[in-house]
Amino acid sequence: MIWLPFDSFGAEGVLIACAPALALAIDRLLGEPPARWHPVVWMGRWLGWAGARLAPAAGAPRVLSDARVFWVAALAWCAAAAAVFALAWLFQTWVLTQPAWLAALALGLFLKPLMAWALLHDEVLAVERALAQSLPAGRAQLARLVSRDVADLSPHEVRESAIESLAENLNDSLVAPLFWFVLLGLPGAALFRFANTADAMWGYRGERTLAGVARDWTWTGKWAARADDVLAWLPARLTALLIALLGGAGRALGRLPAEARRTPSPNGGWPMGAMALALGVHLRKPGVYTLNAAGRTPEPADTLRACAIGSRTALAATLLACAALLV
């Protein structure tokens, strides 16, 4: 790869290429680092601080026009993204001057916080376990995963939402960071995680409460939402392809584009649609979309199957990333 100073096919290059596999192993064995050391938590704290100053309070007199709110928020996003990229680039540049075994270890350790498959997998299984206890418990557990209102969801809708979250976040939390790591190294993975976190915190089309104050994110979050769409565009389609092939839905690939277009998101519908086809179930957001409408209602076993397909996809994506680093 262009960002690697080592011969890709030499012993040093092979060691560096193992960094994604090391990151996935750390993810499964050790889980997330403490919040005080987690770079994504740092990103979220800055985004929360900045968002409270950029997004106008709902219903309050406007100091800036919509256009100025948009551009001020866009410039703040770009400045923070540049800082994240530069810091990761400086660290990576220094790391790659070290012995290859140490560089590979450091890259794996610092790539890990930028991807989070094990946590997602376990949280989705926890929804199913909670749902087996009671519907309120299932709703409460699901609320940890999704931003939608869960208060009125039925048991089937709770399960569908958990499976949708697994599929969509499989891209955001694993495949996309790996994709950008292959292209740009740690700076690429860090940039994507910043963009994805900004979309989650700023990318709303209306009001959302932050720090106890209802704020209008319509223009504040527009740049963040579009930036995430652009950076996740190709990885989302790669994720969908892997889900379909590893989930036994290869023959249904021709139906996938039509299913993906049913969702408002330009990217989220691809992995969710692929998972619906692989499981043979329908996945719905009431009043918004239905994926694979002819499929059956998901059952508890489908959550387990979705997690298994996700695990196979995570492993395949990681191995492909390792292979790509050797090219």
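All of these numbers come straight from a predicted model, not from anything done at the bench. (Residues numbered from 1 in each chain as written. Predicted model: local features only at pLDDT ≥ 70, side-chain atom pairs only at ≥ 80, totals over all residues. Heavy atoms only, no water.)

Scanning the entire structure with this criterion turns up eight aromatic pairs. With centroids separated by 6.3 Å and ring planes inclined at 45°, the aromatic side chains of F91 and W94 adopt a geometry described as tilted. Taken as a pair, F91 and W94 lie in helix α4 (residues 66-95) at a separation of three residues, close to a single helical turn. F91 gets classed as partly exposed once you look at its relative accessible area, which sits at 25%. Each member of the aromatic cluster is reached from another via a ring pair, and the members are F70, W71, W77, F194 and W223. (Phe/Tyr/Trp six-rings, centres within 6.5 Å; stacked < 30°, edge-to-face > 60°. Helix = DSSP H or I, 4+ residues; strand = E, 2+ residues; numbered from the N terminus. Buried < 20%, exposed > 50% of the residue type's maximum accessible area, 1.4 Å probe, protein only.)

Here we take up the packing of helix α6 (residues 117-133) against helix α13 (residues 300-324). The N-to-C vectors of α6 and α13 enclose an angle of 175°; their axes lie 10 Å apart at closest approach. Classified by the angle their axes make, α6 and α13 are roughly antiparallel. Residues W117, H121, V124, L125 and E128 of α6 lie in contact with α13, whose contacting residues are P300, T303, L304, C307, G310, S311 and A314. The residue makeup of the contact of α6 with α13, split by class, is seven nonpolar, four polar and one charged. (Axes fitted to C-alpha atoms, helices over the stretch in contact; angles between N-to-C directions. Parallel < 35°, antiparallel > 145°, perpendicular 65-115°, else oblique. Contact = heavy atoms within 4.5 Å. Nonpolar A, V, L, I, M, F, W, Y, C, P; charged D, E, K, R; others polar.)

The next subject is a nonpolar patch on the surface. A contiguous nonpolar patch, built from L15, W101, L102, L105, L109 and F110 and spanning about 560 Å² of accessible area, is present on the exposed surface. Counting residues per element, the nonpolar patch draws most heavily on helix α5 (residues 100-111), at five residues. Within the secondary structure, F110 is located in helix α5. (Patch = residues over 30% accessible without salt bridge, like charges linked within 9 Å, V, L, I, M, F, W, Y side chains within 5 Å. Areas by Shrake-Rupley, 256 points an atom, 1.4 Å probe, with all protein chains shown as cover. Salt bridge = Lys/Arg side-chain N within 4 Å of Asp/Glu carboxyl O.)

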